[in-house]
Amino acid sequence: MRNSFSISIIFLVFSIIGLALLPKISLQLKPNHKGQSVHVKYNWGSMSAEVVEKEVTAPLEGVLSAIIGIKDVTSESRKGEGEISLTFKKGVDIDAARFEVSSLMRSVYKKLPEGVTLPIVSYKKGTGDSDPLLMVYNINGEGSNYQLQKYAEENIANHIGQLSDVSKVNVSGATPMEWELSYNTNSMLAAGIVVDDLKKAIRSYLESKELGAVFNIRGENLFLSFIGQPTDLLQWGGIVVGKKEGRIIYLTDVVSIKKKEQAPKSYYRINGLSTIYLVVYSAQGANQIQLANQIKEQVGALKVNFPDNFSMMLNYDASEEIEKEITSISTRALMAIGILLLFVLVISRRWRYLMIILVSLLVNLSIAIFFYYLLDIEIHLYSLAGITVSLGIIIDNTIIMVDHIRHSGNKKVFLAVLAATLTTIGSLTVIFFLKEQQKLNLVDFAWVMIINLTVSLFVALWFIPALMDKFPLTRTRLQGTRRREQGKVFKHKSRSYRWSNRYSRYVLFLKRWRWAFIIAIIWAFGLPFFLIPEEIKIDEKEGEEATWWTDFYNSSLGNSTYVSEIRPWINKILGGSLYYFSSYMDESGMDWDDQKTKLTVNVSMPDGATLEQMNKVFLEWENFLASFTEVDRFESRVDGINRSTIEITFVEEEENGVFPYVLKQHLESRAIETGGADFSIYGVGRGFSNALYNGGGNSSVELKGYNYDQLITYAQRFKDSILLHPRINEVVIKTGSMWRSKPRYEFVMSLDPGLLAANNSSIQNVYNNLRFYSPGDIYAGSYYDGEEPLSIYINE
């Protein structure tokens, strides 16, 4: 009796601890596992992919390759940007690895070419947002976007950023101010001044130079520095840029100066509206529901001091999706538990029996919460599904144990419960052997199931017997007699007898033809003939030699006729459900979409197009989309001419209806009518694309190596040689995996240094003169005007 009481107290204490830890559990919308990869992304104006590769990607790869624990390094250089992906070996602390990569990037940043942005290090490819997005606010008010953004940064973002679980707060939507120095080419040439002269003069004027140290009358060291500019005001007219025929040429003689907002480098709009966006990211592992409520309270307190006609509107809240899913799953789980408990009550007709089942279930879930916290398990869509699925098995274990103790008075049935539960747990371990991306999505589902079922074993073995010792369920002899009498009457009913007779004949039939049923079950599941390799390859470079077995295999199962004509039918006939499941998973990549129904429109334009031209196309499409009340939200991201995107979601009533397909057809028709741009539209139904991949070619040759310059040289030699063939029309040298992507063209100049020297010129002179006609802005430094640093750009 005393032992039962002690066990009950122990279980109840752990249950109370678990319930107390419930607010500490991480609640997320999606899995937030990092994996074993770290990604580095950087930008460099409009530089060509080849220059980005030589000047940035290759040096960074050399630095990053020296990190201990790296398994694989891949990189991709594109026009104006590049990205390096680092995959680490299992067992490497990925947080420590990311910190080391970030430290390296900060240390080598000063050595990178001018204009390269600070590399962004993240866990997710293509973005620096390693922390989950929580909320997005729209900010509107009087004044320019620049003034609104500045007010939001100083008076709102700082307060929200002080909350403990907020990772970062970004305010975007406005372009910063800058100094624009526009020169006249003829005036520059007449004065004998090139762009570099302007750039050097401005930097020399702005920079501070150390002159040394002197002693004052007190014997203290005083460090002297020289700065070309006045301390209170920037005097453009005092900057000397050159001298000609004894006349000093000042900056204002050859350039016009203007302070203005920078030209947009990208556009981001929601429902076609340009506004200021305050974006809040939560720390990894934070309880997003609690954090969202804290932010809403903070914003409510700040609204009291907002200026007139200033407003903040919540545009996106991830916690609402979490609450909606939790409510939905909780409702279904409670309904399922309620139905199960109702059946238990109807069959047992005893409230004490029902209470033992209910208390055991609550103790099981409460203790499981304790282990969720201990093992740092995140609760999201997948893990919530795991909790729901495990409830039925937990109740089964509880009912079996309660009934056996009630009727037999011992715990011998526990071995059967243990074997059945361990079988289920063993099947879940398959998740840990899946591919990395698949495992990241399902690992919390598996852990939740394993924890719940393991706890249910301990509850069944110790807590239920202790609980039944304190609250016994007696079985009277009268009840047993009545049941046996009712059983005898039931057996004599004709309907029951007929069904029993049919069932017995069915069992005898299965027993007689059991070999056929075993074969049918194996065939229905499938034989893995489709996993057999099409041929056995021999790597002669590694010293491997062909054997009689490999020759026999390649001439039979590896025969081209068998592989192309017979093997597909063998796979379908003998593969069963396993073959179709594997084929589906290979095609889909197990990339499940747990979001709303969404249409995505990708747009690209040919070389020579501008960001403004791309934005004009988007404005027309946004006006078209705004006419549909069935569309809930469309986000436009105009990042350049290579790839810009519109993502369209729908109101809840139309998500699963026919309208997304109708809208997709309208967009396809509009894409065909819109000239000067290529569109790809996908999301529902069959994907659409009107892009012409003229650079794909009929055949391709792949060159691999470590030295990019040598590879390009070899590729150029190979191109020149095969172009001599009369039937070859065009050869395109491309990099990257997207062999069907549209080729980008540029002018490449091959200069003869000897001929330049004979004409009293040099490559540097050619470069300086070409910069006169460069359409891009040239960065010349920055100047702090007392409020913020303003960039200085030179253009024609």
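Note that the coordinates shown come from a computational prediction; the quantities given were computed from them, not determined experimentally. (Residues numbered from 1 in each chain as written. Predicted model: local features only at pLDDT ≥ 70, side-chain atom pairs only at ≥ 80, totals over all residues. Heavy atoms only, no water.)

A. Focus on the overall build of the protein chain. Of regular secondary structure, the protein chain possesses 23 helices and 22 strands. Each of the 796 residues in the protein chain was classed as buried or not, and the buried ones make up 37%. Working note: accessible area of the protein chain is about 48,500 Å², and carbon and sulfur atoms make up 57% of it. (Helix = DSSP H or I, 4+ residues; strand = E, 2+ residues; numbered from the N terminus. Buried < 20%, exposed > 50% of the residue type's maximum accessible area, 1.4 Å probe, protein only. Areas by Shrake-Rupley, 256 points an atom, 1.4 Å probe, with all protein chains shown as cover.)

B. Summary view of the pairing of strand β10 (residues 240–244). Bridge analysis of β10 against strand β11 (residues 247–250) gives 4 bridges, and the strand direction is antiparallel. Paired with V240 across the strands is Y250, a residue of β11. Counting the residues between successive antiparallel strands, the hairpin from β10 to β11 contains 2 residues, one of them, E245, with a positive phi of roughly 55°. (Pairing = 2+ DSSP bridges.)

C. Representation of the pattern of salt bridges within the structure. Enumeration over the complete set of coordinates arrives at 8 salt bridges. R637 is the partner of E647 in a salt bridge, and the nearest nitrogen-oxygen pair spans 4.0 Å. In this pair, E647 is assigned in strand β18 (residues 644–650) and R637 in strand β17 (residues 631–638), connecting sequence segments 10 residues apart. Residue R637 is classed as partly exposed on the basis of its relative accessible area, which comes to 31%. Each member of the salt-bridge network shares a partner with another, and the members are R633, E635, R637 and E647. (Salt bridge = Lys/Arg side-chain N within 4 Å of Asp/Glu carboxyl O.)

D. Examining the sheet that holds strand β14 (residues 276–282) more closely. Strand order across the open sheet formed by 4 strands is β6-β14-β5-β15, with antiparallel pairing between neighbours. With partners counted over all chains shown, the strands left at the sheet margins are β6 (166–172) and β15 (311–317), one partner each. The sheet shows a mean angle of 20° between the axes of neighbouring strands, direction not considered. Across 6 bridges, strand β5 (residues 133–140) lies against β14 in antiparallel orientation. Paired with V136 across the two strands is V279, which belongs to β14. (Axes fitted to C-alpha atoms, helices over the stretch in contact; angles between N-to-C directions.)

E. Focus on unusual backbone geometry. For D376, which is not glycine, the phi torsion reads 60° and is therefore positive. The topology assignment puts D376 in the loop between α10 (351–374) and α11 (381–408). You will see that N760, though not glycine, has its phi angle at about 55°, which is positive. Residue placement: N760 occurs in the loop between α22 (753–758) and α23 (763–770). Classification of N760 as exposed rests on a relative accessible area of 72%.

F. Just the sheet that holds strand β4 (residues 120–122), in detail. Read from one edge to the other, the open sheet built from 4 strands follows the order β2-β3-β1-β4, with strand pairing classed as antiparallel. Here the strands that pair on one side only, and so sit at the sheet edges, are β2 (70–78) and β4. Taking each pair of neighbouring strands and ignoring which way they run, the sheet shows an average axis angle of 15°. Direction of pairing for strand β1 (residues 37–43) relative to strand β3 (residues 81–88): antiparallel, over a ladder of 7 bridges. Its bridge partner being in β3, S37 is matched across the sheet by T87.

G. Up close: the side chain of S456. Assignment of secondary structure puts S456 in helix α13 (residues 436–470). Within the structure, S456 has its side chain in polar contact with the side chain of N397 (distance 3.3 Å). Beyond its immediate sequence surroundings of up to four residues, S456 is in contact with N364, I394 and N397. (Polar contact = N/O pair within 3.5 Å; in protein donor to acceptor, adjacent residues only side chain to side chain. Contact = heavy atoms within 4.5 Å.)

H. Examining the nonpolar core more closely. Counting 57 residues, the largest nonpolar core has F11, Y372, I379, M401, V402, I464 and M468 as the members making the most contacts within it. Residue assignment for this core shows that the elements contributing at least two residues are α1 (2–20), α9 (318–348), α10, α11, α12 (414–428) and α13. With 17 residues, the single largest contributor to this core is α13. Apart from the residues lying within four places of it in its own chain, the contact partners of Y372 are I25, I377, I379, I387, V448, I451 and N452. In terms of nonpolar packing, the next biggest core, distinct from the first, is built from 29 residues, V631, I646, A671 and F679 among them. (Core = buried A, V, L, I, M, F, W, Y, C linked by side-chain atoms within 4.5 Å.)

I. Quick look at the packing of aromatic side chains. A complete count under the given rule lists 13 aromatic pairs for this structure. Consider the rings of F509 and F517, whose centres lie 5.9 Å apart with planes at 85°: the pair is edge-to-face. Here W513 and W515 contribute two aromatic rings whose centre-to-centre distance is 6.1 Å and whose plane-to-plane angle is 50°, an arrangement assigned as tilted. Classification of W513 as partly exposed rests on a relative accessible area of 35%. Residue W515 is classed as exposed on the basis of its relative accessible area of 51%. Ring-pair connections join several aromatic residues into one group, and the members of that group are F624, F628, F650 and F659. A cation over an aromatic ring shows up here: K572 above the ring of W569, its NZ or CZ 5.6 Å from the ring centre. (Phe/Tyr/Trp six-rings, centres within 6.5 Å; stacked < 30°, edge-to-face > 60°. Lys NZ or Arg CZ within 6 Å of the ring centre and 35° of its normal.)

J. Region of interest: α9. With 31 residues, α9 extends 44 Å from end C-alpha to end C-alpha; this agrees with the ideal 45 Å at 1.5 Å per step. Within α9, the full set of buried residues consists of A318, S319, I322, I329, A333, I337, L341, V344, L345 and S348. Tucked into the core, α9 has its buried residues touching β5, α8 (288–302), β15, α10 and α11. After α9 finishes, the residue R349 shows a positive phi value of roughly 55°. (Expected span 1.5 Å × (residues − 1).)

K. Quick look at the confidence of the model for the protein chain. Overall, the prediction assigns the protein chain a mean pLDDT of 78, with 83% of residues at 70 or greater. Low confidence marks residues 476–481, where pLDDT is under 50. Its contacts with residues over four positions away, or in another chain, come to 2 contacts. Every residue in residues 588–594 is under pLDDT 50, and counting partners more than four places away or in other chains gives 9 contacts. (pLDDT = per-residue confidence, 0-100.)

L. Region of the structure containing the side chain of S85. Note that S85 resides in strand β3. The buried category is assigned to S85, whose relative accessible area is 9%. Among the polar contacts made by the side chain of S85, one reaches the side chain of H39 at a distance of 2.8 Å.

M. Molecular detail of the environment of A524. By the secondary structure assignment, A524 is in helix α16 (residues 514–525). Along the sequence, A524 and S577 sit 53 residues apart, while their C-alpha atoms lie 6.2 Å from each other. Excluding anything up to four places from it in sequence, A524 contacts G576 and S577.

N. Spotlight on the environment of I68. Looking at where I68 falls in the secondary structure, it is placed in the loop between α2 (49–64) and β2. Residue classification places I68 among the exposed positions, given a relative accessible area of 78%. Expressed as a C-alpha distance, the spacing of I68 and V92, which sit 24 residues apart in the sequence, is 9.2 Å.

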